[in-house]
Amino acid sequence: MRLLTKLGLSLALALPFATAAFSAEKIVSLEVSIDDAALVKKDAGIRTLYVILYDADSQRPMPYGAIKIDLKEDAKGAFYKGDLTSDNVQAMGGGAVPKNLRLKARLDKDGSAGMDSPGDLVGTAEKVKVGDSVKIKINKAI
């Protein structure tokens, strides 16, 4: 029992340091909005937002990674604010986060990952640096 207590105390003392060493790397702070009245009408019932990250310096069409966000209500105004981090972005190709990013926010009508499809609504941000605060406006219907 004493050994378990000592081990438990040792682990408890080490835990804050271990957690700090493995904290998530912030990629960008993001705000996504939609203001166009015609697009707001088209987003009725869409509850899935994907944010896709691309290496802006690469000619490859493959994204670096993406995050899926489930929305509780229809998108209006500034409907999403949050940080994209190494913990919540699913990396697709591995490797380090690109220094220069291109971001695409997509309200996805059918809720499934993949290419843009009819009924989706999108907006982009170009020339984004890691650590930036970014605002993306949904401004196009597919």
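Residues numbered from 1 in each chain as written. Predicted model: local features only at pLDDT ≥ 70, side-chain atom pairs only at ≥ 80, totals over all residues. Heavy atoms only, no water.

Before we move on, can you summarise the sheet that holds strand S4 (residues 77–85) with the specific residues and values?
Taken in spatial order, the 3 strands of this open sheet run S4-S1-S8, and their pairing is mixed. Bordering the open sheet on either side are S4 and strand S8 (133–137), each of which pairs with just one other strand. Strand-to-strand twist across the sheet, computed as the mean angle between neighbouring axes with direction ignored, equals 20°. Both strand S1 (residues 26–34) and S4 contribute to a ladder of 8 bridges, which runs antiparallel. (Pairing = 2+ DSSP bridges. Helix = DSSP H or I, 4+ residues; strand = E, 2+ residues; numbered from the N terminus. Axes fitted to C-alpha atoms, helices over the stretch in contact; angles between N-to-C directions.)

Give a description of the nonpolar core that names residues and reports values.
The biggest cluster of nonpolar side chains holds 31 residues, and the ones touching the most others in it are Ile 34, Leu 49, Phe 79, Leu 84, Leu 103 and Leu 107. Only S1, helix H2 (37–42), strand S2 (48–55), strand S3 (65–70), S4, strand S6 (100–107), strand S7 (121–129) and S8 provide two or more residues apiece to this core. The dominant element in this core, judged by the number of residues it contributes, is S1, at 5 residues. Residue contacts for Leu 84: discarding those within four places in its chain leaves Glu 25, Lys 26, Ile 27, Val 28, Leu 30, Val 51, Leu 53, Ile 67 and Val 89. (Core = buried A, V, L, I, M, F, W, Y, C linked by side-chain atoms within 4.5 Å. Buried < 20%, exposed > 50% of the residue type's maximum accessible area, 1.4 Å probe, protein only. Contact = heavy atoms within 4.5 Å.)

Can you explain the packing of aromatic side chains? Please cite residues and give values.
When we look at a pair of aromatic rings, we describe it by the centre distance and by the angle of the planes. According to the stated counting rule, one finds 0 aromatic pairs in the structure shown. The ring of Tyr 54 has Arg 102 lying over it, and the distance from NZ or CZ to the ring centre is 4.1 Å. (Phe/Tyr/Trp six-rings, centres within 6.5 Å; stacked < 30°, edge-to-face > 60°. Lys NZ or Arg CZ within 6 Å of the ring centre and 35° of its normal.)

Go over unusual backbone geometry with me, naming the residues and quoting the values.
Note on backbone geometry: most residues besides glycine have negative phi, and most peptide bonds are trans. Even without a glycine there, the phi angle at Lys 127 is positive, about 55°. By secondary structure assignment, the location of Lys 127 is in strand S7.

Lay out the side chain of Ser 33 in plain terms, naming residues and giving numbers.
By secondary structure assignment, the location of Ser 33 is in strand S1. Looking at Ser 33, the relative accessible area reads 12%, which means it is buried. For Ser 33, the contacting residues outside a window of four places in its chain are Gly 77, Ala 78, Phe 79, Ile 136, Lys 137 and Ile 138.

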